[in-house]
Amino acid sequence: MDEGADEIVQGEAALIEQYLAPLTEGDPGAFSLTDDCALLRPPAGKDLILTTDSLVEGIHFLVGDVPGFKAVAVNVSDLVAKGAEPLGYLLTLALAETPTRKFMTKLTAGLAAAQSVFGCHMLGGDTDKTGGPLTLTVTAIGALPAGTMVRRAGAATGDIVYISGSIGDATLGLRLRLDPELAPNLGLSRSEVSALLARFDQPRPPVALAPALRQYASAAMDVSDGLAKDFLTLCRVSAVGGDLDLMAVPLSPGARRAIASGRIDRQHLITGGEDYEVLATVPAPRAAEFEAAAARAGVTVSRAGRIRSEGGVRFLDAEGNSVRLAATGWEHI
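Described below are features of the structure shown in this document. (Residues numbered from 1 in each chain as written. Predicted model: local features only at pLDDT ≥ 70, side-chain atom pairs only at ≥ 80, totals over all residues. Heavy atoms only, no water.)

Quick notes on the pairing of strand 2 (residues 85-95)
Inference 1: Direction of pairing for strand 2 relative to strand 4 (residues 135-145): antiparallel, over a ladder of nine bridges. Of the residues in strand 4, the one forming a bridge with L91 is V138.
Inference 2: Where strand 2 meets strand 3 (residues 121-129), eight bridges bridge the pair, whose relative direction is parallel. Across the sheet, residue Y89 finds its bridge partner in strand 3, namely M122.
Inference 3: Handedness of the crossover joining strand 2 and strand 3 through helix 3 (residues 101-118) is recorded here as right-handed. (Pairing = 2+ DSSP bridges. Helix = DSSP H or I, 4+ residues; strand = E, 2+ residues; numbered from the N terminus. Right-handed = clockwise from strand over helix to strand, strands pointing away.)

Following this line, the structure appears as structure tokens:
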């Protein structure tokens, strides 16, 4: 198939048979998209976990992008924070215009790459035309041992606050997409630029951390709207207070270099969002065990605060003083 061809895909049947049905290979319950429903049998002794997220052109991704990988990844991120492993997903594709072969080839390549990374398959979905912008909506299904889902509303006094991976890379990646000439001003190397762009375009939520979260975390959620806002949310639904040490928030070498340039503010990275890492709380007596389990899974976790019984949420600077943030994160509506 000529990936560069701009010919229109002739009809929904061709779109499904040529581009989407191959994404179901390996899951017999999808019936190669020949039925209007999929069959999913929960694994023995497991609960199913469901989540859905939409990506809207011009709001969640840049005009002209085809975010197949990211559409899956942002949903897998929600599953991971609950301690679940992905099983499969449904895709609703709302198209502003009849798609070309080039568009569909790029879309399905991204979806296939995500499936390979996250170990899941497409189970079904829907395709429609829309008078609005291109929109990809994914509903993802995950599984975990019965009764082990990690809620947001479980943090307790004395718990240690942990963050996986690094924060702020996607925010920098977006800045670099919008202004490629920014990289030299930030002192970034070519490899650092590539890494930051990848964190924006193809986020990698830490699937391997799910078992450790189930075993040790009292509460967890993915970091998507901005770390500061998500920490506020976790504390609010858990009915606790908390301290987040801004200087302890983990940053990549590229992000540290960008801050050192004086052109990027640390708070901007902490509130930017789209990190798709995990924010978790762990009872202090089990903190060392959690860190060891994360290390065995190959996932870096960093201590960045503590839960208090009351007093609201505080964001602390290098001297331990509470600071007011100009913003906390992304507002959906």
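On we go.
Details of the pattern of salt bridges
Inference 1: Summed over all chains, the structure comprises 13 salt bridges.
Inference 2: The residue D169 makes a salt bridge to R199 at a minimum N-O spacing of 2.9 Å. Residue D169 is found in helix 4 (residues 169-178), and its partner R199 is found in helix 6 (residues 190-201); the two are separated by 30 residues along the sequence.
Inference 3: The class for D169 is buried, based on a relative accessible area of 4%.
Inference 4: Linked by salt bridges that have partners in common, D65, R177 and D201 make up one network. (Salt bridge = Lys/Arg side-chain N within 4 Å of Asp/Glu carboxyl O. Buried < 20%, exposed > 50% of the residue type's maximum accessible area, 1.4 Å probe, protein only.)

Some thoughts on the pairing of strand 9 (residues 301-308)
Inference 1: Pairing of strand 5 (residues 160-164) with strand 9 involves five bridges; the strand directions are antiparallel. Across the sheet, the residue bridging to S164 is V301, located in strand 9.

Quick look at helix 2 (residues 68-81)
Inference 1: Burial runs high along helix 2: 14 of the 14 residues are buried.
Inference 2: After helix 2 finishes, the residue G83 shows a positive phi value of roughly 90°.

Side note on the packing of helix 2 against helix 3
Inference 1: Relative orientation of the contacting elements helix 2 and helix 3 amounts to 35°, with a least axis distance of 6 Å. On helix 3, the residues that touch G68, F69, V72, A73 and V76 of helix 2 are L107, G110, L111, A113, A114, V117 and F118.
Inference 2: Looking at the contact of helix 2 with helix 3, its residues break down into ten nonpolar, two polar and no charged. (Axes fitted to C-alpha atoms, helices over the stretch in contact; angles between N-to-C directions. Contact = heavy atoms within 4.5 Å. Nonpolar A, V, L, I, M, F, W, Y, C, P; charged D, E, K, R; others polar.)

Things to note about the sheet that holds strand 4
Inference 1: Ordered in space as 1-4-2-3, the four strands form an open sheet in which the pairing is mixed. Looking along the sheet, the strands with just one partner apiece sit at the ends: strand 1 (46-56) and strand 3. The average undirected angle you get between the axes of adjacent strands in this sheet is 15°.
Inference 2: Helix-sheet contacts for helix 1 (residues 12-20) involve strand 2 and strand 3, and the interaxial angle to strand 3 is about 150°.

Description of the environment of V282
Inference 1: Tracing the backbone shows V282 in strand 8 (residues 277-282).
Inference 2: Placed 177 residues apart in sequence, V282 and T105 show a C-alpha to C-alpha distance of 43 Å.
Inference 3: Each residue touching V282, except ones within four places of it in the same chain, is listed here: D159, I160, Y162, Y216, A217, S218, A287 and F290.

Here we look at helix 4
Count 3.6 residues to each turn of an α-helix, and residues three or four apart come out pointing the same way.
Inference 1: Those residues of helix 4 that sit buried are D169, A170, T171, L172, G173 and L176.
Inference 2: The inward-facing, buried residues of helix 4 contact helix 5 (182-186), helix 6, helix 9 (253-260) and helix 10 (266-272).

Let's talk about a nonpolar patch on the surface
Inference 1: Nonpolar side chains collect at one region of the surface, where L40, L48 and L50 lie side by side and expose about 250 Å² of accessible area between them.
Inference 2: As for its position among the elements, L50 is in strand 1.
Inference 3: L50 sits in the exposed class, given a relative accessible area of 62%. (Patch = residues over 30% accessible without salt bridge, like charges linked within 9 Å, V, L, I, M, F, W, Y side chains within 5 Å. Areas by Shrake-Rupley, 256 points an atom, 1.4 Å probe, with all protein chains shown as cover.)

Some details on the packing of aromatic side chains
For any pair of aromatic rings, geometry is given as the distance between the ring centres together with the angle between the planes.
Inference 1: In this structure the tally under the stated criterion is three aromatic pairs.
Inference 2: Ring centres 5.7 Å apart and planes at 55° place the aromatic pair F69 and F118 in the tilted group. Residue F69 is located in helix 2, and its partner F118 is located in helix 3; the two are separated by 49 residues in the primary sequence. Per residue, the accessibility class of F69 equals that of F118, and both read buried.
Inference 3: Here the aromatic rings of Y216 and F290 are separated by 6.5 Å at their centres, their planes lie at 70°, and the arrangement is edge-to-face. Pair noted here: Y216 is in helix 7 (residues 210-216) and F290 is in helix 11 (residues 287-296), with a separation of 74 residues, a long-range link. Comparing Y216 with F290, the two get one shared label, buried.
Inference 4: Taken together, the ring pairs connect Y162, Y216 and F290 into an aromatic cluster.
Inference 5: If you follow K70 out to its NZ or CZ, it ends over the ring of F200, 4.0 Å from the centre. (Phe/Tyr/Trp six-rings, centres within 6.5 Å; stacked < 30°, edge-to-face > 60°. Lys NZ or Arg CZ within 6 Å of the ring centre and 35° of its normal.)

Spatial relationships are all this shows, so hold off on functional conclusions.
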